[in-house]
Amino acid sequence: MSILLTLFLIIISLSLFLLFLQLPHLPHRDMSLFLNTSYAHRGLWNSSIPENSLEAFQNAVNHGYGIELDVQETADHQLVVFHDADLQRLCQNPRRITQCTYSELQELRLNHTDARIPLFTEVLRIVDGQVPLLIEIKTSGHVLRVAAQLDALLKTYAGLYMIESFDARALLWYRMHHREVRRGQLAYGLPKGTPYPKSLQNMALSSLCMNIMGRPDFIAFDLRTAASRPLRALTRIHTCRFAWTCTSEAEYHRLMHQWDAIIFESFTPGTP
């Protein structure tokens, strides 16, 4: 066997192996119930309504938009809705969510308003199945324990919901325990100039190699760094694609025909 033929076979084998790693859930499952709305990123918030607050979620429900939100656990294992790992940006407190008990968090207020950090169960009561939920399991804390807690709280919830995470272990947990739940892999491209040793996670996410664990039903791509090569591959195999985060009306109308669903913030689209 010639050297060129050997190299050719190696390249073909590696390409097929990469495709195997990238494969989503097969056969494709019906996602139509989740695609008839756009998703308000951390609720429908504005300068007077903080993100991931009960007020932001009620505002999204009032406007008929789906809701994207973030869940993580407290030091006493309560599931709260909050995006950042620490409290500095929204509560002017340097502590991490995982270092605080739920009662300690209740002493804080979001972005100088009367709004507080809500329990996930409070959000479920407000939404009450009126709009679909896109629930991100944050990578801070014990991801598998959060997935199990989340599932336990959703057992009696009658509304539509999906889960997503950067951490493929969360998707794997749902794949093993509740395969019927639609799951999504959060992904972004490899930022230019990132040193190779510090970008292994970026490379795994941008190449979609972690799909082998979660076998997601959809991919949620960062609009700012979305990698074109895997995106083209996904288009060819008809994987459902969500875009985050759209920040203007003009961008929204430009993207709505290019993506299956849009996650937006900082404005209210004219038509849900």
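Quick summary incoming for the structure in this document. Values in this document were obtained by computation on a predicted structure and should not be read as measured data.

About the thresholds
- Residues numbered from 1 in each chain as written.
- Predicted model: local features only at pLDDT ≥ 70, side-chain atom pairs only at ≥ 80, totals over all residues.
- Heavy atoms only, no water.
- Buried < 20%, exposed > 50% of the residue type's maximum accessible area, 1.4 Å probe, protein only.
- Helix = DSSP H or I, 4+ residues; strand = E, 2+ residues; numbered from the N terminus.
- Contact = heavy atoms within 4.5 Å.
- Salt bridge = Lys/Arg side-chain N within 4 Å of Asp/Glu carboxyl O.
- Patch = residues over 30% accessible without salt bridge, like charges linked within 9 Å, V, L, I, M, F, W, Y side chains within 5 Å.
- Areas by Shrake-Rupley, 256 points an atom, 1.4 Å probe, with all protein chains shown as cover.
- Core = buried A, V, L, I, M, F, W, Y, C linked by side-chain atoms within 4.5 Å.
- Pairing = 2+ DSSP bridges.
- Phe/Tyr/Trp six-rings, centres within 6.5 Å; stacked < 30°, edge-to-face > 60°.

What follows concerns helix 7 (residues 168–177). Turning to helix 7, its buried residues number three or more, namely A168, A170, L171, W173 and Y174. Contacts made by the buried residues of helix 7 are with strand 4 (133–137), helix 6 (143–154), strand 5 (161–165), strand 6 (183–187) and helix 9 (211–214).

With that settled, consider the pattern of salt bridges. Under the definition given, this model contains 13 salt bridges. Residue R116 pairs with E122 through a salt bridge whose shortest N-O separation is 2.7 Å. Residue R116 is classed as partly exposed on the basis of its relative accessible area, which comes to 26%. K138 is the partner of E136 in a salt bridge, and the nearest nitrogen-oxygen pair spans 3.2 Å. Each member of the pair E136 and K138 is classed as buried. Through salt bridges with shared partners, a single ionic network connects R42, E51, D84 and R89.

A separate point is a nonpolar patch on the surface. Judged by side-chain polarity, L5, F8, L9, I12, L16 and L19 come together as a nonpolar surface patch covering roughly 530 Å² of accessible area. Along the chain, L16 falls in helix 1 (residues 3–22).

A few words now on the nonpolar core. Counting residues in hydrophobic clusters, the biggest one holds 46 residues, and the most contacted among them are L69, V71, F120 and L150. No other element matches the five residues that helix 6 contributes to this core. Apart from the residues within four sequence positions on either side, F120 is in contact with L69, V71, L79, V80, V81, I135, L150, L153 and L154. Core analysis: the next-biggest nonpolar cluster, separate from the first, contains 14 residues, F82, I97, L108 and I117 among them.

With eight of eight residues buried, strand 2 (residues 66–73) is to be regarded as a mostly interior element. Covered by surrounding structure in strand 2 are G66, E68, D70 and Q72 together with I67, L69, V71 and E73, the residues of both alternating faces. Relative to strand 2, strand 1 (residues 39–41) runs parallel, the two sharing three bridges. In the sheet register, Y39 faces strand 2, and the bridge partner there is G66. Counting the residues in the hairpin turn of strand 2 and strand 3 (residues 79–81) gives five residues, including H77, whose phi is positive at 65°.

Another point: the pairing of strand 7 (residues 218–222). Counting buried residues in strand 7 gives five out of five residues, a clear majority hidden from the surface. A two-sided burial pattern is seen for strand 7, the buried positions comprising F218, A220 and D222 on one face and I219 and F221 on the other. Of the pairings in the sheet, the one linking strand 7 to strand 8 (residues 240–246) comprises five bridges and is parallel in character. Each residue of the ladder has a partner; that of D222, found in strand 8, is W244.

Looking at the secondary structure, you find E251 in helix 11 (residues 249–255). By relative accessible area, E251 is classed as buried at 12%. Look past the residues within four positions of E251 in its chain and what remains in contact with it is L223, R224, T245 and C246.

We now examine the packing of aromatic side chains. Counted by the stated rule, this structure contains ten aromatic pairs. Taking the centre distance of 6.0 Å and the plane angle of 35° together, the rings of Y39 and F242 count as tilted. Within this pair, whereas Y39 is found in strand 1, its partner F242 is found in strand 8, the two being separated by 203 residues in sequence. You can call Y39 buried: its relative accessible area is 0%.

A word on unusual backbone geometry. The amide bond that connects L26 to the next residue, P27, takes the cis arrangement and shows omega of -5°. With respect to the helices and strands, P27 occurs in the loop between helix 1 and strand 1. Following W244, the chain continues to T245 via a peptide bond in cis, the omega torsion being -10°. For T245, the location among the structural elements is in strand 8. One non-glycine residue, D128, lies in the positive phi region at around 50°. Locating D128 in the fold gives a position in the loop between helix 5 (120–127) and strand 4. Notably, R215 is not glycine yet its phi reads approximately 40°, a positive angle. By the element assignment, R215 lies in the loop between helix 9 and strand 7. Relative accessible area serves as the criterion here: at 9%, R215 is assigned to the buried category.

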